[in-house]
Amino acid sequence: MNIIQILFWFLSVIALFSALMMITSKNPVHSVLWLILTFFAISGHYILLNAQFLAIVNIIVYAGAIMVLFLFVIMLMNLNSETEPQKNRWLKMAGAVSGGCLLLVLVAALKDSELLKQQAQVNEGYIGLIKNLGKNYSALM
Amino acid sequence: MLINYYIFLSLALFCIGIVGVLTRRNAIIIFMCIELMLNAVNLLLVAFSKMHHLTAAAADPNAIAGTDAQIFVFFIMVVAAAEVSVGLAIIVMMYRNVHSTDVNFLNRLKH
């Protein structure tokens, strides 16, 4: 297991855990903070895939602009865990079960696909790098 | 790295977003779950772009195949930013009318 795979699994665990914490935390402000952590983990995946430009744009636009807008609206409305609307337990369980069924169907549909044997270029390749911005590729060919 | 890890990671993030939309009643949290689903799709598009680039670069080392998927991701981010600004304005107007962001109060479309 080399350093790339260790980083991949580390970022994946962070992304999935913080996404789960985002949908389970009662306080909307905590949800926003967990979602920001998810976005940082996804940006780490972009850097691992050598898409530096998208990683930086993801941090600036999503974590920097959109999430600040969410935090601003939540603070404007003074929402907290006491004002969180309550809901039937059974409806929550039905939502979780139907989401799990969707995941099961998608995984089962892709399980025997030929696509899964393909490799993705990790930590190599020059497309998406910041140093290529503004380069005229038609002149190269 | 095999592409299937990226596919299953994106599927898991997308389904977490769907579970959030189905189980939460707060309009802002539902909106954030939609953002999470958009990000799962973005991650899959970037992974596919690098997969496509690998096969194209084997034939031609100067190939720029796969760049278009990253441009799609950039456009998705722009659309998401515009969508959030409009959607949050709608949520603020709803809060001014019913003093809550519970989507159950939207079923009458009046107060």
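Computed from a predicted model, the values in this text were never measured in an experiment. (Residues numbered from 1 in each chain as written. Chains lettered and ligands numbered in written order. Predicted model: local features only at pLDDT ≥ 70, side-chain atom pairs only at ≥ 80, totals over all residues. Heavy atoms only, no water.)

A.B. asks: Help me understand the overall build of chain A in this model?
C.D. replies: The secondary structure content of chain A amounts to five helices and zero strands. When its helices and strands are written in sequence order, chain A yields α-α-α-α-α. Since a compact globule built from 141 residues should have a radius of gyration of about 14 Å, the 20 Å found for chain A marks it as more spread out than a globular shape. Expressed as lengths along the three principal axes of its C-alpha atoms, the size of chain A is roughly 60 × 40 × 30 Å. Within chain A, the fraction of its 141 residues that count as buried is 40%. Here the analysis covers contacts within chain A between residues at least 6 apart in sequence; of these, 64% occur between residues at least 24 apart. A total accessible area of about 7900 Å² is found for chain A, and carbon and sulfur atoms account for 71% of it. (Helix = DSSP H or I, 4+ residues; strand = E, 2+ residues; numbered from the N terminus. Rg over C-alpha atoms; globule rule 2.2 N^0.38 Å. Buried < 20%, exposed > 50% of the residue type's maximum accessible area, 1.4 Å probe, protein only. Contact = heavy atoms within 4.5 Å. Areas by Shrake-Rupley, 256 points an atom, 1.4 Å probe, with all protein chains shown as cover.)

A.B. asks: Can you help me understand helix α3 (residues 67–98) of chain B in this one?
C.D. replies: For the α-helix, the turn length of 3.6 residues means that residues three or four positions removed from each other point alike. Compared with the 46 Å implied by 1.5 Å per residue over 32 residues, the 46 Å span of α3(B) between its first and last C-alpha is a close match. Within the sequence span of α3(B), burial applies to Ala69(B), Gln70(B), Val73(B), Met77(B), Ala80(B), Val84(B), Gly87(B), Leu88(B), Ile91(B) and Met94(B). Each element contacted by the buried residues of α3(B) is listed here: α2 (28–48) and α3 (52–77) of chain A together with α2 (27–59) of chain B. Positive backbone phi, at 55°, marks His99(B), one or two positions downstream of α3(B). (Expected span 1.5 Å × (residues − 1).)

A.B. asks: Please clarify how the interface of chain B and chain A should be interpreted in this entry.
C.D. replies: Quoted interface sizes are often the accessible area lost when the parts come together. Chain B puts 63 residues into the contact, and the matching count from chain A is 68 residues. Of the roughly 6100 Å² buried where chain B meets chain A, counting both sides, 77% is carbon and sulfur surface. Per-residue buried area on chain B facing chain A is highest for Met1(B), Met32(B) and Lys50(B); these three make up 12% of the total on that side. Viewed at the interface, chain A and chain B are joined by zero salt bridges. At the boundary of chain B and chain A, one finds five residue pairs in polar contact (both at pLDDT 80 or more). Listing elements by their share of the side of chain B that touches chain A, those giving two or more residues are α1 (3–23), α2 and α3 of chain B. Broken down by element, the residue count for the side of chain B that touches chain A peaks at 20 residues, all from α2(B). For the side of chain B that touches chain A, the per-class residue count stands at 43 nonpolar, 15 polar and five charged. (Buried area = accessible area lost by both parts, 1.4 Å probe. Salt bridge = Lys/Arg side-chain N within 4 Å of Asp/Glu carboxyl O. Polar contact = N/O pair within 3.5 Å; in protein donor to acceptor, adjacent residues only side chain to side chain. Nonpolar A, V, L, I, M, F, W, Y, C, P; charged D, E, K, R; others polar.)

A.B. asks: Explain the packing of helix α1 (residues 3–24) of chain A against α1(B) here, please?
C.D. replies: Helix packing for two helices is described by the angle between their axes and how far apart those axes are. Remark: α1(A) packs on α1(B), axes separated minimally by 9 Å, with the N-to-C direction vectors making an angle of 10°. As judged from the angle between their axes, α1(A) and α1(B) are roughly parallel. In contact with Phe8(A), Trp9(A), Ser12(A), Ala15(A), Leu16(A), Ala19(A), Leu20(A) and Ile23(A) of α1(A), α1(B) contributes Tyr5(B), Tyr6(B), Leu9(B), Ala12(B), Leu13(B), Ile16(B), Val19(B) and Gly20(B). Residue composition of the contact of α1(A) with α1(B), grouped by class: 14 nonpolar, two polar and no charged. (Axes fitted to C-alpha atoms, helices over the stretch in contact; angles between N-to-C directions. Parallel < 35°, antiparallel > 145°, perpendicular 65-115°, else oblique.)

A.B. asks: Help me understand the side chain of His45(A) in this model?
C.D. replies: All names here are of chain A. Mapped onto the elements, His 45 comes out in helix α2. Overall, His 45 belongs to the buried group, its relative accessible area being 0%. Only 3.5 Å separates the side chain of His 45 from the side chain of Ser 12, close enough to count as a polar contact.

A.B. asks: Got a minute to help me understand the pattern of salt bridges in this structure?
C.D. replies: Any two side chains of opposite charge can pair if their charged atoms end up close together. Residues and elements named next belong to chain A. Enumeration over the complete set of coordinates arrives at one salt bridge over all chains. Among the salt bridges present, the one from Asp 112 reaches Lys 111, with a minimum N-O distance of 3.6 Å. By relative accessible area, which is 52% here, Lys 111 ends up exposed.

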